[in-house]
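Each chain, written out:
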Amino acid sequence: MDWPTGQEVNRQPRALLSVLLIGVIALMGWLWWRSAQSDQDDATQIVVNEVSTRGGTLVSSLRSEPRTFNRIVLPSVPTDLYSILTSSKLVRVNRATQEVEPALAESWTISPDNKTYTLKLRDGVTWSDGVPFTSADVVFSFQAIYDARTESALNEVLRIGGKPFVLTAPDARTVVINLPGTSGAGIGILDNVTVAAKHKHEAALKAGKFKDELAVDTPPADLLSIGPFKLTSYSPGQRLVFDRNPRYWKKDAAGTPLPYLDQVILEIVPDQNAELVRLQSGQLDTLQQQIRPEDIATLRPLEQQGKLRVIELGVAADADAFFFNLRSPYWAKDPRRDWITRKEFRHAISHAIDREAFANTVFLGAGVPIWGPVTPGNKQWFNPNVPRRGYSLERAKEILAGPGLTNRDADEWLEDARGTEAHFSLLAYRGNSSLERGAAILRDELKKIGIKVDVVLLEQGALLDRLFSSNFDSIMFVFNATNLDPAMNPDFWLSSGAAHAWNRLQKIPATDWEKEIDDLMGTVMTNVDPAERKRAFDQVQMIFAEHLPMLYFVAPRLYMGVSARVGGLSASILRPQLLWNVDQMTVKGSR
């Protein structure tokens, strides 16, 4: 997850007029550019160098500071990117093709009952300090994940029916993984595993302090790598510098050691406008994530000059989400408790938002309306038949009248029978234009039906703190999956999950509908029949769209801006869209 002290969205008329004028100009430019492009809605463009170029430095942006370098503890976007640069997986799910590929495990066999995986590890792989990587590291990594003191976000992901995997290591290059049941995701479930060095971290795990390992204040020289790069410098608020790991195990088809690059620099740039300026000036080769639709026309001249490429990836797999805090204790003494957590209140909000207008205002038309938690970008799992609550302010007002929300004092706001005003606060990530605009639209559109919304913009760390402590009325944020298969993200779907953001870490399901989703996800996570898994997850989406623990409005189309000097690209609709395959990327010439 990638998250965002407390300024409200600018409400001044002059500022709003300026934004609208800029938006109109950008929209015209974007439409002109879009009309000149071929239809790529169903394809991901892949750009590959004709000749692999060795050496050089790639510079990318990073929106937010890492909170830890320990992906076993927190698989957030910055930490995931650190892991991509410095770690390797047992097997890898290719984020562009979704195919399972060998990695640290060069081969494997699966038992006839699909419950035992026997992995053969690559020979000669070492950590960056020269210590051999062995099966003992794999067993240790699972021990760290399953240790309750680690508080690992992967603990629940790597279970079946609530039971952990059982690992044995017959020899240094063999790992046998016995599953308590079948895995719907197959051996691809191991793509979630980040390996840790036993010789480096065993003492911390025994002391119950593995959670504190790989902290961001750890001297880079003390951080091991088994990936293509090694962190050599971290200046908080400025940049992270990674140099090639000369002990990296991977080679290309011609036998050339990877990575091709000498160095990767991640410049910390929280503001999207500043990101754009740096990309235009050549200070950045690419961005951490997609460019905004309004920036496409701005970048068009650089593309014509051969300095930059704009790559269209298709519809995003992740859309901005709006959700309320549904934890009962939070509302126990709040007079709004009788209506603010009811699904009817969320139904009314869904009717009050014109999704076509939302797409035009937030994404300048570069987005598709959605009504459920899965976007059309996830073609395999998307259910097009979820309930759609069309735009109707009158219908929204009718629904709100059900729990007694009417205008009782002739002002512009609704009140309940006790005179409590219909209002709530909405937290959003400062510096993300789509979230800021989306929050402003919610505020302005809900005002039309008598609901007052106070928008508060927070930096990422502050927003995460509010989320994890369940100290919020509502939040607008984007959750980033690292895999399109829902079985790989159970911490979001299951009521007990850490990423079940509206009511996290439930000991037992708080509602009947959440229990029903838990049961259906059991099928998705354990059944090996693709048709049965799809049927179950279609039903999950139907239940989700009925109860709306999260509301989704538009899935954006993705565009990446990248310097023409960068090659070896394999683009994905999953973040990080380009850097997931950084060991294959190249640069040529100077910036």
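Here, every reference points to the structure presented above.
Residues numbered from 1 in each chain as written. Predicted model: local features only at pLDDT ≥ 70, side-chain atom pairs only at ≥ 80, totals over all residues. Heavy atoms only, no water.

1. So, the overall build of the protein
At step 1: Assigned secondary structure in the protein consists of 16 helices and 22 strands.
At step 2: Computed over its C-alpha atoms, the radius of gyration of the protein comes to 24 Å, within 12% of the 25 Å expected for a compact globule of 591 residues.
At step 3: Projecting the C-alpha coordinates of the protein onto the three principal axes gives extents of approximately 75 × 60 × 45 Å.
At step 4: Split into buried and exposed, the 591 residues of the protein put 58% on the buried side.
At step 5: Carbon and sulfur atoms form 52% of the exposed surface of the protein, whose accessible area is close to 23300 Å².
At step 6: Within the protein, the 70 negative side-chain charges are centred at a point lying 2 Å from the centre of the 66 positive side-chain charges. (Helix = DSSP H or I, 4+ residues; strand = E, 2+ residues; numbered from the N terminus. Rg over C-alpha atoms; globule rule 2.2 N^0.38 Å. Buried < 20%, exposed > 50% of the residue type's maximum accessible area, 1.4 Å probe, protein only. Areas by Shrake-Rupley, 256 points an atom, 1.4 Å probe, with all protein chains shown as cover. Lys, Arg positive; Asp, Glu negative; His and termini not counted. Charge placed at Lys NZ, Arg CZ, Asp CG, Glu CD.)

2. Re the packing of aromatic side chains
At step 1: The full count for this structure, using the stated rule, is 29 aromatic pairs.
At step 2: Grouping aromatic residues by their ring pairs yields a cluster made of Phe323, Trp381, Tyr429, Phe472, Phe477, Phe479, Phe492, Trp493, Trp502, Phe537, Phe544 and Tyr552. (Phe/Tyr/Trp six-rings, centres within 6.5 Å; stacked < 30°, edge-to-face > 60°.)

3. Re the sheet that holds strand β19 (residues 550–552)
At step 1: A sheet is described by the order of its strands in space; here five strands give the open sequence β17-β16-β18-β14-β19, paired in mixed fashion. A single partner strand is all that each edge strand has here, and the edge strands are β17 (452–458) and β19. Direction aside, the axes of adjacent strands within the sheet are offset by 25° on average.
At step 2: For strand β14 (residues 320–324) and β19, the ladder comprises three bridges, and the chain directions are antiparallel. Looking at the pairing, Phe322 lines up with Leu551 of β19. (Pairing = 2+ DSSP bridges. Axes fitted to C-alpha atoms, helices over the stretch in contact; angles between N-to-C directions.)

4. A few points about helix α16 (residues 530–547)
At step 1: Taking 1.5 Å per residue, 18 residues should reach 26 Å; α16 reaches 26 Å between its end C-alpha atoms and fits that length.
At step 2: All buried positions along α16 are accounted for by Arg533, Ala536, Phe537, Val540, Gln541, Ile543, Phe544, Ala545 and His547.
At step 3: If you follow the buried residues of α16, they end up packed against α9 (343–352), α14 (490–493), α15 (512–526) and β19.
At step 4: One side-chain oxygen at the N-terminal end of α16 lies 3.0 Å from the backbone nitrogen of Ala531; it belongs to Asp529.
At step 5: Phi for Leu548, located one or two positions after α16, is positive at around 50°. (Expected span 1.5 Å × (residues − 1). Contact = heavy atoms within 4.5 Å. Polar contact = N/O pair within 3.5 Å; in protein donor to acceptor, adjacent residues only side chain to side chain.)

5. Some details on the nonpolar core
At step 1: Residues Phe133, Phe142, Phe165, Phe345, Phe424 and Met550 are the most contacted members of the largest nonpolar core, which totals 121 residues.
At step 2: The element contributing the most residues to this core is helix α3 (residues 135–146), with seven residues.
At step 3: Contact partners of Phe142, with chain neighbours within four places excluded, come to Leu90, Leu158, Phe165, Leu167, Leu190 and Val193.
At step 4: Of all hydrophobic cores here, the second largest spans 37 residues; its members include Leu240, Leu484, Leu578 and Leu579. (Core = buried A, V, L, I, M, F, W, Y, C linked by side-chain atoms within 4.5 Å.)

6. Points about the pairing of β17
At step 1: The sheet contact formed by strand β16 (residues 423–429) and β17 spans seven bridges and is parallel. From the neighbouring strand, Phe424 faces β17, where its bridge partner is Val453.
At step 2: Note on the crossover from β16 through helix α12 (residues 433–447) to β17: the handedness is right-handed. (Right-handed = clockwise from strand over helix to strand, strands pointing away.)

7. Observations concerning the pattern of salt bridges
At step 1: Applying the stated rule across the entire model yields 35 salt bridges.
At step 2: Taking the shortest distance from any N to any O, the salt bridge between Lys198 and Glu202 comes out at 4.0 Å. Separated by four residues within a single helix, Lys198 and Glu202 lie in helix α4 (residues 198–206), roughly one turn from each other.
At step 3: Residue Glu202 is classed as partly exposed on the basis of its relative accessible area of 29%.
At step 4: For Glu459, the salt bridge identified is with Arg430, shortest N-O distance 2.7 Å. Placement of Glu459 in the loop between β17 and α13 (460–468) and of Arg430 in the loop between β16 and α12 is noted, with a sequence separation of 29 residues between them.
At step 5: The network of salt bridges with common partners includes Arg292, Glu294, Asp295 and Arg437. (Salt bridge = Lys/Arg side-chain N within 4 Å of Asp/Glu carboxyl O.)

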